[in-house]
Amino acid sequence: MPRAGWHVATVAATRRETSNAARIELDVDGWPGNAAGQHLDVRLTAPDGYTATRSYSIASSGPSTRVVLAVDRLPDGEVSPFLVDVLQAGDQLEVHGPLGAFFVWRPAEESDDDRPVQLIAGGSGVVPLYAMAQAHADSGDTTPFRLLYSVRTPDDVYFADEWRALAAASAPLQLDHVYTRRTPDGWPTPPGRITREALEAAVVPAAERPRVFVCGSTGFVERVADWLVELGHEPRSIRTERYGGT
């Protein structure tokens, strides 16, 4: 794994990802590259010296010094409102990373594991899973990938255009969505939270022994992981990551 350290990052570009989130591209001096699924810490320092540090998943991977984040704004957050609403191109941030070695995907030729991969995301938890899917396509890996994405409405989908392109690319990827508040026109099921039955119908069967990556809020991750075990998935093949207040 690349060695973590503190770096100065310059904002190359920022734009709205959804009505409540921003995509932020950073040029990070000395960045050693990162694996798909890793995260970093962002540290902000106020004029009076007060600092606040929060962790964010990285939406990009590979050896580039360009690092992509997608940050959801929480109304009571200390860091995310600044990143989403105030940050501009040319601003500088302190970042520490890359971090994490457990919640990481590598191509079959590197990991010696060609089992199918099931990605399961709740809301902004899709960010590290997008990095995995993009790395999967970029590497030409032929491992079957499937994403189950639970999101409030179609307007809240992160990387919507990129997911469509990935699904149409040569690397095998199947997309499944659950909308909890509003569905697209003509959607076959009404909005609502994911159920055990919906989960079973939209994931790689346990008999195929998939590697599973689950990311989202604590409640979402714990509920999904418990259901997966009940459905026969191997606990050691389920990797989880939770997000909290930012």
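Look up: the structure comes first, before these words.
Quick look at the structure, then. As the structure is a prediction and not an experimental result, all values here were calculated from the model.

1. Quick word on the pairing of strand E9 (residues 173-179)
Piece 1. Note: strand E8 (residues 145-151) against E9, seven bridges, orientation parallel. Paired with Tyr 149 across the two strands is His 177, which belongs to E9.
Piece 2. In the classification by handedness, the crossover that spans E8, the intervening helix H4 (residues 160-168) and the parallel E9 is right-handed.

2. Description of the pattern of salt bridges
Piece 1. By the definition in use, this model includes 18 salt bridges.
Piece 2. The shortest N-O distance in the salt bridge between Arg 106 and Glu 110 comes to 3.5 Å.
Piece 3. On the basis of relative accessible area, Glu 110 is assigned to the partly exposed category, the value being 49%.
Piece 4. Close ionic contact of Asp 113 with Arg 115 constitutes a salt bridge, the shortest N to O distance being 2.9 Å. Grouping residues by exposure puts Asp 113 and Arg 115 together as buried.
Piece 5. Through salt bridges with shared partners, one network takes in Arg 16, Arg 73 and Asp 85.

3. A closer look at the pairing of strand E7 (residues 117-122)
Piece 1. With respect to burial, E7 is a largely interior element, six of its six residues being buried.
Piece 2. Here six bridges tie E7 to E8, and the two strands are oriented parallel to one another. By the bridge assignment for E8, Leu 119 is matched with Leu 147.
Piece 3. In this fold, the crossover linking E7 to E8 by way of helix H3 (residues 126-139) has right-handed handedness.
Piece 4. Relative to strand E10 (residues 211-217), E7 runs parallel, the two being bridged by five bridges. When the sheet's bridge partners are listed, Val 117 is paired in E10 with Arg 211.

Conventions used here
Residues numbered from 1 in each chain as written. Predicted model: local features only at pLDDT ≥ 70, side-chain atom pairs only at ≥ 80, totals over all residues. Heavy atoms only, no water. Pairing = 2+ DSSP bridges. Helix = DSSP H or I, 4+ residues; strand = E, 2+ residues; numbered from the N terminus. Right-handed = clockwise from strand over helix to strand, strands pointing away. Salt bridge = Lys/Arg side-chain N within 4 Å of Asp/Glu carboxyl O. Buried < 20%, exposed > 50% of the residue type's maximum accessible area, 1.4 Å probe, protein only.

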